[in-house]
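# Overview (structure and organization)
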Amino acid sequence: MKLTGKLFGLAFVFLTFTSSVFTGDDGALEINGLLRNDAYVIKTSNPDDYQFHNVLENRLLFEAKRLDWKYYADARLYLYGGEIAALYGDYNVELMRGFVRYYSTVGDFTLGKTYVNFGNTGVFNPFEFDKSVNFADLGYAREGLLALEHYFSWQDTSGITTYVANTTPEELMWGVSPTVHLGTFDLGLVHNHVGPDNNISGAFFKGDLFVGVQGSWAVHSDDSYVPDYSEATVGLDYSFIDGDLLVSALYYYNEAGATSPSKYIATTESFLLARHYGLLSVVGSIDEFWSVQLSAFVNLIDYSAVIIPSTVIVLTSGLSLTLQVSFFTADGNEEFSTTRAGDLITMIRAEGKF
Amino acid sequence: MKRWIILFLLVPAFLFAVTGLQIIRNLDQNKGYNTQKYSVKMTIQKGKRTLVKTFTGYGMERGNKSFMEFTNPEDKGVKYLKMDDQLWIYLPEADDTLKISGHMLRQGMMGSDLSYEDMMRDEELEDIYDVKLIGSEKIRGVDCYKVELIAKVRDALYAKQVVYVDKKRPVALKMDLYARGDRLIKTMEQSNVKTVQGRYVPMKIEIRDMRRKDSLTTLEFISVAFNIKIPSKVFTTGNLRR
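Presented here is a report on the structure given in the accompanying data block.

About the cut-offs
- Residues numbered from 1 in each chain as written.
- Chains lettered and ligands numbered in written order.
- Predicted model: local features only at pLDDT ≥ 70, side-chain atom pairs only at ≥ 80, totals over all residues.
- Helix = DSSP H or I, 4+ residues; strand = E, 2+ residues; numbered from the N terminus.
- Rg over C-alpha atoms; globule rule 2.2 N^0.38 Å.
- Buried ≥ 20, exposed ≤ 12 C-beta atoms within 10 Å, placed from the backbone.
- Pairing = 2+ DSSP bridges.
- Expected span 1.5 Å × (residues − 1).
- Arc of directions from axis to C-beta.
- Contact = placed C-beta atoms within 7 Å.
- Nonpolar A, V, L, I, M, F, W, Y, C, P; charged D, E, K, R; others polar.

### Observations concerning the overall build of chain A
What chain A contains, in helices and strands, is three helices and 18 strands. Its C-alpha radius of gyration of 22 Å places chain A within 12% of the 20 Å reference for a compact globule of 354 residues. Along the three orthogonal principal directions, the C-alpha set of chain A runs to about 60 × 50 × 45 Å. In chain A, buried positions account for 32% of the 354 residues.

Here you go:
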C-alpha cells in the first residue's frame, strides 16, 4: 500500500510538472522548498547515557494554479543520522501530499493525497485520525489520505465537506462535516466512518465570549451506532499586551482512558493513555524576531507532566533557529515518567525556507 | 472706524476657516472606496535585522470584508479572511483554516508593528472619534493641520489619535496613536503620495511601535486600484483553500 502511494506520488509530481510546462504562465509550476535539520539529544534515565539523533529534511513544494484548478505536491527526502538511522535506515522519501483541486459551480473537488481536517486543530482533537503524539516535535507533519474530497459553500463562511478514502482495499473510509458561522462562533458537526465498526460522530465549536473558547465532543460507535466511548475537549484562550502574550488552557476527556496508572498499557511509542488531561500553553513575542513558548501536558490521573519550554529566533527572512527541551517530571509508573521517555529531550532545529 | 476695519478683516477668516470635522471628512472622502485591490512589500526592521514579506489583498465595504494572501517564499500561501470583526487564517502547511480569537486582532500581523486591525479596519474616522483642530505643524517641510481625535465609541482602535493632514491635499502625513492614559503606542508616517484614480494615496507607510525599541515596519504599495470588480466569492472561507 505504501509503495502504491509512493508510485502515485511520483506520477503525480511528474504529471504536475509536465502539465504546468505546457500550460505556460497561467498555471505555471512554482517550486518552493524547505531545508530543516533537527538534532535531538535524549538524556535517558540511566546515568550518563545520552542518545543522539539527527534528521535532515529536504522539502519541495510544487504548486500550479489557474482560475479553475490547482495542483499541489509536498515531497520530502529525509536523511537520518545518529541512532535513529538504525531504526529508519539512512534515508526515506515521502510524498506527504499530492493533489489536484478543481473548482466548479457545484463545489471544490480535491483528488489525490490530501489532508482531511475536521474539528479544532491540535493534539487532543477527537476527530484527528492519527492519534500519535511526538513530544519532541508537537507539530510534526502527517501524511495525507488518498482521497476524493468535496467542499460546497452555501454561505460566505459556511459549507459542507465530504470525502471518501480507501485505507484498505476492502473498506472505504468516508465522512461528512457541515460547518456554519453564527455570531462570533464557528460550529460544526462531524460523522466519520473510519473502518469496520469504527465510527466517530460529534460536534465542535470555536468562538469568542470575551475570551476565546473552543470545544468538541465525539462518540465512537460500531456500525449499528451503539456507542463505545466518547472524547471531549474544552478550552479557553486570551492574549495580553496587544497579543504579544497568549495564554491558553485545554482540558481533554477520553472515556476509554485508564483511571489509574496500574491500568496503563504503556509503550514508548504511545501516549495519552489516561482519562483526563490538561494542556497549558503560554506564548510570548519578545520582539519581531524572538518568541518563547512554554507548554505543559498534565496527566490528571497520576499528575505526571511533560513540560516543554522552547524558543524561536528568526535570523533573517526564511531562516530560523529553534531550541526546545522536553522534561518528563515523574520517575515511577506514571505516564510522563523518565523511565519511559528519558529525563529530557533537547531539540535544536535550524530551518531555511526558499 | 478702527473697529470696522478689524471686523472687515476678520469676516473672510470666519468665512473660510476650516474645522477639524471638515478636514477629517475630506480625509475620509479621499480614502472612501467600494472595493480595493493592492499589492504590498512589507519590511520589518529591528535594529540592523530585516525581514521582507510581500502580499496581495482585496478589500470591500471599507475593510469590513478583507482578503490577503502572502506571496514571499517563506510565507507563501498564508491567507487571511476578515468578515466584520471575525478573522480566519489559512495555513498551507496544514491545508487548514483556523478561526482567530477576537482578542488576537491587536497582535502584530506576521510579527510586524502593524496589527491585523490596523491593516484591515478602515472605518470613517468621523463615526468613531470626536474631532478637534488643535493647530498647525510642518511635517517633513509640508504645512499640516494638526487634528486631535478622541474616541467616542468603546471599540475604537485607539483611545486618541493626533493626525497631521496636508493643508493642500486630504492626506494624513503623520499619525500619533495613543492608548488609554494618553500613552503614545504607535506612530505612522505616510509619504510618497500619488494620485490613483482621482484620489491621493500614500504609497509608503512607516509604522513605529513605541513599546518596541528600534522597531520599524515599512509598507510600500507596489500597486493599488479602487472600485474594481471583485467577485463576491473572494470573501469566503472556501476561497482560502484555493
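Here the narrative resumes, following the displayed structure.
### Things to note about the overall build of chain B
Check the secondary structure of chain B and you find five helices and 13 strands. Taken along its principal axes, the extent of the C-alpha atoms in chain B is 80 × 40 × 35 Å.

### Considerations on the pairing of strand E10 (residues 198-209) of chain A
Residue and element names in this part refer to chain A. Pairing geometry for strand E9 (residues 185-195) and E10, over nine bridges, is antiparallel. Each residue of the ladder has a partner; that of Leu187, found in E10, is Phe205. Hairpin connection from E10 to strand E11 (residues 211-221): one residue lie between these consecutive antiparallel strands, with Phe210 at a positive phi of about 70°.

### Points about helix H2 (residues 20-31) of chain B
Residue and element names in this part refer to chain B. An ideal rise of 1.5 Å per residue puts 16 Å on twelve residues; H2 measures up with 17 Å between its terminal C-alpha atoms. Among the residues of H2, Gly20, Ile23, Ile24 and Leu27 are the ones counted as buried. In a view along the axis of H2, the buried residues occupy a sector of 95°, so they form one face of it. In this structure, the buried side of H2 is in contact with helix H4 (125-128), strand E7 (129-139), strand E8 (142-151), strand E9 (160-166) and strand E10 (172-179).

### Here we look at the interface of chain B and chain A
Bring the parts together and some accessible area is lost; that lost area is often taken as the interface size. The interface is formed by 33 residues belonging to chain B together with 33 residues belonging to chain A. Residue assignment for the side of chain B that touches chain A shows that the elements contributing at least two residues are strand E1 (35-46), strand E2 (49-60), strand E6 (96-100) and helix H5 (237-240) of chain B. The residue inventory of the side of chain B that touches chain A, partitioned by class, reads nine nonpolar, 13 polar and eleven charged.

### Topic: the pairing of E8 of chain B
Residues and elements named next belong to chain B. Relative to E8, E7 is paired through ten bridges, and the arrangement is antiparallel. Among the inter-strand pairings, Ile139 is bridged to a residue of E8, identified as Val142. In sequence, E7 turns back onto E8 through a hairpin of two residues, with Arg140 there showing a positive phi of about 50°. Two strands pair when backbone bridges link them, and E8 and E9 are joined in this way by seven bridges, in the antiparallel orientation. The partner of Val147 across the bridge, within E9, is Val163.

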